[in-house]
Amino acid sequence: METVLVVGAGQSGFGVATSLRDKGFDGRVVLIGDEPGLPYQRPPLSKGYLAGTAGDAQLRLRPEDFFAEKDIELVPGRVATVDRDASQVVLDDGSAHEYDHLVLATGADNRVLPVPGSTLDGVFTLRTKDDADVLRAALESAANVVVVGGGFIGLEFAAHAGRPVTIVEAQDRLMARVATPEVSAYFAALHEGAGHTILLGTGVAALHGDGRVSEVELSDGSRLLADLVLVGVGVVPRTRLAEEAGLAVANGVVVDEHLRTSDPKISAVGDCANFPCVQAGTATRLESVQNAVDQARAVAAVIVGEPAPYESLPWFWTDQLGAKLQIAGLLTGADKTVVTGDREGGKFSVLSFRDGVLVGVESVNRPPDHIAARRLFAADPEPRFETLEANGFDLKATLASTRG
């Protein structure tokens, strides 16, 4: 019986296993996870779960009986090595598991703040359920909270922390890696209105304390009182297994348009995979639920003999302080933006263009615009500025004219 072995039981690994069954694969599907319990989703960890409005049941991707019904074997443990010659993986406990096809869905680890004091008690990162549990408990008694990093995780944590925090961001605006200046400014005002202090263009030089953090020293020499510090400065893909197995690695596990590694019996998906992205025009590694889910489906299709190049449109979202930001496409290299809707009223979209082509749409509290943008990209992967302009930059009208 053919065996597909999936290393990593997060969103992408879970997606591979379930997609195989959905596509009629009748061999063994083995899902190896290094965290205890059932596979769960991570987005609520920095939102409802942190705030206490979502519990374990809301985190689980499926209940326990689902895996028995789908005949998906859950194996707890950490993979120590991949033996390509023997087509097997060996776990830390010494047990070996053979495969006909191996899928690496190993995800990523939080980037460590490279400054003195980063290992003091009271300094946290947020990626796993255990991280969220410890962080939630620490918040109950924290008096001075500092967030290092103004990206999605840091801002979602600030939004759900239940108290004023200080956000320290090295870039000159929030969410600089993923959002336009217009959207960054809106969310900065939103957080300041909630009582948070934002320090832009400011780095962290050191964390101080006697065993436990008590101060954050900034790049200008000033210090902030802090008894809880959340570090959200990005992630590093988990590539150890791939590297030690001799697979190509460069900012992730290198894969082709079918998400196959340099070994045709091994694929990689999700946060750990560096793939040729048609929207970016270059090799890219994306960290999103959409990418994890769609790549999982694409790999399952390859395994069952229905290969197609992975070309799914990237999209992202974040919820902060009652505002929902949804992004369709990639904004990299955009040279022109057009704002539509009511920015002052907090319901607007920003259309980003590169060389006269629409490359991304950010929608703040305008879900219909987000849906229309995704449908427009599906109908026409390269909508022209002139076409949008002729329709008053109305996404629904442009979609209707494109469909003819």
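Everything quoted here is computed from the prediction, not taken from an experiment.

### Topic: the nonpolar core
Formed by 86 residues in total, the largest nonpolar core has its most connected members in Val-89, Leu-102, Phe-157, Val-183 and Leu-228. Element by element, the count of residues in this core is highest for helix H9 (residues 289-303), at 5 residues. Look past the residues within four positions of Phe-157 in its chain and what remains in contact with it is Ser-46, Leu-50, Leu-135, Leu-139, Val-145, Val-147, Leu-228 and Leu-230.

### Remarks on the packing of helix H10 (residues 367-379) against helix H12 (residues 395-403)
At a minimum axis separation of 9 Å, H10 and H12 run at an interaxial angle of 25°. Taken together, the axes of H10 and H12 are roughly parallel relative to one another. When you trace H10 past H12, the crossing you get is left-handed. For the pair H10 and H12, contact is made by Pro-368, Asp-369, Ala-372, Ala-373, Arg-375, Leu-376 and Ala-379 and by Leu-395, Lys-396, Thr-398, Leu-399, Thr-402 and Arg-403, respectively. Counted by class, the contact of H10 with H12 contains 7 nonpolar, 2 polar and 4 charged residues.

### Here we look at the UniProt feature "domain: Reductase C-terminal" (unreviewed entry) in the protein
UniProt tags residues 315-398 as "domain: Reductase C-terminal" (unreviewed entry). Spanning residues 315-398, this segment combines 27% helix with 43% strand, and its end C-alpha atoms are found 19 Å apart.

### Thoughts on the side chain of Ser-363
Take Ser-363: it is sitting in strand S26 (residues 357-364). According to the relative accessible area criterion, Ser-363 is buried, its value standing at 0%. Within polar-contact distance, the side chain of Ser-363 engages the side chain of Ser-349 at 3.0 Å. Excluding its chain neighbours within four sequence positions, the residues that come into contact with Ser-363 are Lys-324, Leu-325, Gln-326, Phe-348, Ser-349, Asp-369 and His-370.

### Here we look at the packing of helix H1 (residues 11-22) against H9
Contact pair H1 / H9: the axes reach a minimum separation of 8 Å and the direction vectors enclose 35°. By crossing handedness, the relation of H1 to H9 is classed as right-handed. Mapping the contact onto sequence places Gln-11, Ser-12, Gly-15, Val-16, Ser-19 and Leu-20 in H1 and Val-289, Ala-292, Val-293, Ala-296, Arg-297, Ala-300 and Ile-303 in H9. Residue classes in the contact of H1 with H9 are distributed as 8 nonpolar, 4 polar and 1 charged.

### Some thoughts on H9
Between its terminal C-alpha atoms H9 stretches 21 Å, which fits the 21 Å expected from 15 residues at 1.5 Å a residue. Among the 15 residues that make up H9, 12 are buried, leaving the element largely enclosed by the rest of the structure. Taken together, the buried positions of H9 are Gln-290, Asn-291, Ala-292, Asp-294, Gln-295, Ala-296, Ala-298, Val-299, Ala-300, Ala-301, Val-302 and Ile-303. Phi for Gly-305, located one or two positions after H9, is positive at around 85°.

### Focus on the layout of surface pockets
In this structure, the second largest pocket encloses a volume near 380 Å³. Taken together, 17 residues form the lining of the second largest pocket, with Val-278, Gln-279, Phe-377, Pro-381 and Glu-382 sitting closest to its centre. When contributions to the lining of the second largest pocket are tallied by element, the ones reaching two or more residues are S26 and H10. Classifying every residue of the lining of the second largest pocket by side-chain character gives 9 nonpolar, 3 polar and 5 charged.

### What to know about unusual backbone geometry
The backbone phi angle of Asp-355 is positive, close to 55°, even though this residue is not glycine. Note that Asp-355 resides in the loop between strand S25 (347-354) and S26. Judged by relative accessible area, Asp-355 falls into the exposed class, the value being 61%. Phi is positive for Asn-365, which is not a glycine, with a value near 55°. Tracing the chain through its elements places Asn-365 in the loop between S26 and H10. With a relative accessible area of 24%, Asn-365 lands in the partly exposed category.

About the thresholds
- Residues numbered from 1 in each chain as written.
- Predicted model: local features only at pLDDT ≥ 70, side-chain atom pairs only at ≥ 80, totals over all residues.
- Heavy atoms only, no water.
- Core = buried A, V, L, I, M, F, W, Y, C linked by side-chain atoms within 4.5 Å.
- Buried < 20%, exposed > 50% of the residue type's maximum accessible area, 1.4 Å probe, protein only.
- Helix = DSSP H or I, 4+ residues; strand = E, 2+ residues; numbered from the N terminus.
- Contact = heavy atoms within 4.5 Å.
- Axes fitted to C-alpha atoms, helices over the stretch in contact; angles between N-to-C directions.
- Parallel < 35°, antiparallel > 145°, perpendicular 65-115°, else oblique.
- Left-handed = near helix turned anticlockwise from the far one by under 90°.
- Nonpolar A, V, L, I, M, F, W, Y, C, P; charged D, E, K, R; others polar.
- UniProt positions renumbered as here; feature names shortened; annotations may be inferred.
- Polar contact = N/O pair within 3.5 Å; in protein donor to acceptor, adjacent residues only side chain to side chain.
- Expected span 1.5 Å × (residues − 1).
- 1 Å grid on protein atoms, 1.4 Å probe; cavity = no way out; pocket = protein on both sides within 12 Å on 5 of 7 lines; lining within 4 Å.
- Points joined across faces, edges and corners; volume = space filled by probe spheres on them.

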